[in-house]
Amino acid sequence: MGKLRMPIGVDDFAEILTQGFYYVDKTGMIKELLENWGKVNLFTRPRRFGKSLNMSMLRYFFEIGTDRSLFDGLAITKETKLCGEYMGKYPVISISLKQVSGDSFEEARQQLWSSIAEAAEQLDYLQKSKRLNNRDKKKIFDLSEGKGNQQEALRLMSRMLNKHYGKKVMILIDEYDAPLQKAYENNYYDDMVTLIRQIFGYALKSNDSLFFSILTGCMRVSKESIFSDLNNPKIHSISDERFDEWFGFTEDETVRMLDYLGLDEHYEATKEWYDGYRFGEQDVYCPWDVINWCDQLLNTSDRIPQNFWVNSGATDIIRQFAEQADSVTRDQIGALIEGRTVRRKLAQDLTYRDMMDRPENIWSILYTAGYLTHRVRYEDGSCDLCIPNREVKNIFITKVDSWFTAKVLEDEDGLDEFFAAFTSGNAEALEDCLNYCLAESVSYLDGGKYEDKETFYHGLLLGMLSTRKGWEIRSEREAGNGRADITAFHLRRKEAYIIEVKYSRDTERLTADVQEGKLTMDAQKEELAVDAQEEKLAADAQNEKLTMDAQEAINQINRLRYDPYFSGRSPKSIRHYGIAFRRKQCRVLTE
């Protein structure tokens, strides 16, 4: 029998258990949930940490008529009394608001109707119920058609189920805050808040048919907005110790998975790239990253870890904060990239409408969204915040920092000059634009490992190129006999560009080696002496080194034959750029 597959994009509990997918057992959450009773329970976790799968698991456990064999061998079956009392004993209403993302309120409202109608369609069997009258049955049918009172829909469904079964109902609402984020982005936030508040008020407070309910989301939206009509919902955030092990993979769970798949040798890379999150007192890995990484290792020859998490969701709100940040915040972001912590007070109950009012809210948003995690929490509500792992560090280097620096040029109308120089092949003007940008960049440029430095400059260029519509920008794509750092294609003009980025190492490399403890004491003294001499090099010698590295970048494009990457696009022209960086200087060559 072959190995179980990685459940990429599969969040249905039954499908994972029956179709040969690997499952990390989180059924112990059921016991803790019942022992820590709350009428309304809200779990907030970053995206891609298993919220939807856990909701599916809960539905299959509690729902009347469930297939009990799904849970054979899982942890919860050891709780025989609990299973006897609760497994398969309750009607369940389960909806997801993940797809409610309309550009207008009316479009979003209709999408919300679709989610409700889909849940109502699953109650078609109530049309044959002897306990419901014809008027009840018509109401359920109308809901399945997207008709009736939308605000009271969930309460109506639960009342019909209660009447049919004589049992109170469990309501599961996944990604409850997704409609609010889209509403905020598209300027209909107040209308959506009113609608969601009414739906939740009817379903979760004014509902005698409710057994208990669970909601999940990425953000803990303030009680004063959508939860204002509810009596003290139990909120379990990423700071809370309760339920801290049920979202994300623990160390033991990750080690067992790697061992089962025969991937033990990749443990260190897995830990460096995808571990480091801290929920309550539990250290966890991002499950989306781990399963995608394992799938890559099992099915390709590529052994280079990838940034899976950043490509799985929008970053618009983070970008807005980054563009508003002042110089102090930029310096603190630099400190985080260098591996240090930043102590900040957090506000975890913001509304989407209010969170942009104060620039310092960026720390709460970064923390809640999973870009930062805590190492130490203090009684005054502050935390020592840090970047959790290598993957997220790369996100900061390639995205957050690049947004800061691109904003500098945008404020000075420098992006117009940048693109004019870039498209015309004016290497000298392009170099001037980049040097100005580097002079205004975050302090990170003077610290960090060699790989981090080159990644930063790579990300800086990506951030600037990605600010304009009509361009197709790609990073690290396989081309010819290697990977092109950056490819750019102007869709209308059919012009193609290939950029290779280099970092001039010289003294930077030696200092980094000393800091990392790679040299003996005698060797450190010798190399540091060389380092001191290097610092005295004349400006023309430093410029010569930059020019050599920029030329090597051009040579690499030609040597590894990157041009055929564009063969399917029939470009009118392909321009090569070799760009070498050293601290706050760069050299640009083109051909």
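Just above sits the structure.
In this text, all values refer to a predicted model and were calculated from it rather than measured experimentally.

> Would you explain empty space enclosed by the protein in this entry?
Taking a probe equal in size to a water molecule and rolling it over the atoms shows the remaining empty space. Summed over the entire model, instances satisfying the criterion amount to four cavities of 30 Å³ or more. Considering only enclosed or pocket space, the largest cavity measures out at about 40 Å³ in volume. Lining the largest cavity are Thr44, Arg45, Cys218, Arg220, Ser237, Ile238, Gln348 and Thr368. Across the lining of the largest cavity, the residue classes tally to two nonpolar, four polar and two charged.

> In this structure, what is going on with the sheet that holds strand β8 (residues 342-345)? I would like to understand it.
Whenever strands of a sheet pair, they do so through backbone hydrogen bonds, lying parallel or antiparallel. The three strands are arranged β8-β10-β9 in an open sheet whose pairing can be described as antiparallel. Every other strand in the sheet has two partners, leaving β8 and β9 (373-377) as the edge strands with one partner each. Going across the sheet, the axis of each strand differs from the next one's by a mean of 40°, ignoring polarity. Lying on the sheet, helix α15 (residues 361-369) is in contact with β8, β9 and β10 (382-386); it crosses β8 at an angle near 100°.

> Please clarify how the sheet that holds strand β3 (residues 169-174) should be interpreted in this entry.
Ordered by their spatial adjacency, five strands build an open sheet running β2-β3-β4-β1-β5, and the pairing between neighbours is parallel. Of all the strands in the sheet, just β2 (92-96) and β5 (234-236) have a single pairing partner and so form its edges. Along the sheet, successive strands turn relative to each other by an average axial angle of 15°, direction set aside. Taken together, the five bridges between strand β1 (residues 40-44) and strand β4 (residues 210-217) define a ladder with parallel strand orientation. Residue Val40 lies in a different strand from β4, and its bridge partner there is Ser213. Of the strands in this sheet, β2, β3 and β4 touch helix α3 (residues 51-62), which is tilted by about 165° from β3.

Here is what the cut-offs are and how they apply
- Residues numbered from 1 in each chain as written.
- Predicted model: local features only at pLDDT ≥ 70, side-chain atom pairs only at ≥ 80, totals over all residues.
- Heavy atoms only, no water.
- 1 Å grid on protein atoms, 1.4 Å probe; cavity = no way out; pocket = protein on both sides within 12 Å on 5 of 7 lines; lining within 4 Å.
- Points joined across faces, edges and corners; volume = space filled by probe spheres on them.
- Nonpolar A, V, L, I, M, F, W, Y, C, P; charged D, E, K, R; others polar.
- Pairing = 2+ DSSP bridges.
- Helix = DSSP H or I, 4+ residues; strand = E, 2+ residues; numbered from the N terminus.
- Axes fitted to C-alpha atoms, helices over the stretch in contact; angles between N-to-C directions.
- Contact = heavy atoms within 4.5 Å.

No statement about biological role is implied by the geometric values presented.
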